[in-house]
Amino acid sequence: MATWLTGWSHRLQLTVPAAQVGSGGVTNFPVVITQAAVPSALWTEISYTDGRDLRVCDSTGNTVLASEVAYIDTTGQKLEMHFLAAALSSSVATVFYLY
C-alpha cells in the first residue's frame, strides 16, 4: 500500500490502464490531468486558487514528480495540470497520486 505525502490529508489515485499505453511502454512521458479526473469533493481541499498546493506523486505515494498547473479555476472546477511520468507500462496499470 502506498504511503501518504507528509502534510496532506486528501489524495486521489490516478490510474493509467496498460491497454492505453503502446507496446513496450514509454518512458519520460508527459501526462495531463483535467477536471474530468478530479471528483467534486477534492475541490474543497484545494487551499490556493492558483493550485500551488497540488502535488503529483508516483505509486509510492510520497515521491513528488515534476508538475505544472497550466490552468485552474477552483470556482468553476476546471483544471489542466501536466506531470512527467518516468515510465508507463504496457503490461500493468501505472498508478499515480494527486494531493
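Residues numbered from 1 in each chain as written. Predicted model: local features only at pLDDT ≥ 70, side-chain atom pairs only at ≥ 80, totals over all residues. Heavy atoms only, no water.

Novice: Looking at this structure, how should I read the packing of aromatic side chains?
Specialist: Any two aromatic rings considered together are summarised by their centre-to-centre distance and by the angle between their planes. Enumeration according to the criterion identifies three aromatic pairs in this entry. Relative to Y99, the ring of W4 lies with its centre 6.0 Å away and its plane at 75°, an arrangement referred to as edge-to-face. With W4 in the segment before β1 (12-16) and Y99 in the segment after β6 (94-98), the pair connects residues that are 95 residues apart, well separated along the chain. With a relative accessible area of 3%, Y99 lands in the buried category. Here the aromatic rings of F83 and F96 are separated by 4.9 Å at their centres, their planes lie at 65°, and the arrangement is edge-to-face. Of the two residues, F83 is situated in strand β5 (residues 78-88) and F96 in strand β6; the sequence distance between them amounts to 13 residues. Per residue, the accessibility class of F83 equals that of F96, and both read buried. A connected cluster of aromatic rings, assembled from ring pairs, spans W4, W8 and Y99. (Phe/Tyr/Trp six-rings, centres within 6.5 Å; stacked < 30°, edge-to-face > 60°. Helix = DSSP H or I, 4+ residues; strand = E, 2+ residues; numbered from the N terminus. Buried < 20%, exposed > 50% of the residue type's maximum accessible area, 1.4 Å probe, protein only.)

Novice: In this structure, what is going on with the pairing of β1? I would like to understand it.
Specialist: When a strand is regular, its side chains alternate between the sheet's two faces. Only one face of β1 is buried: it carries L12, L14 and V16, and the other face, with Q13 and T15, is open. For β1 and β6, the ladder comprises five bridges, and the chain directions are antiparallel. Each residue of the ladder has a partner; that of L14, found in β6, is F96. (Pairing = 2+ DSSP bridges.)

Novice: How should I be thinking about the sheet that holds β6 in this particular structure?
Specialist: Each strand in a sheet pairs with another by means of backbone hydrogen bonds, the pair being arranged parallel or else antiparallel. The strand order β1-β6-β3 describes an open sheet built from three strands, whose pairing is antiparallel. Single-partner strands in this sheet number two, and they are β1 and β3 (56-57). Relative to β6, β3 runs antiparallel, the two sharing two bridges. The partner of V56 across the bridge, within β6, is L98.

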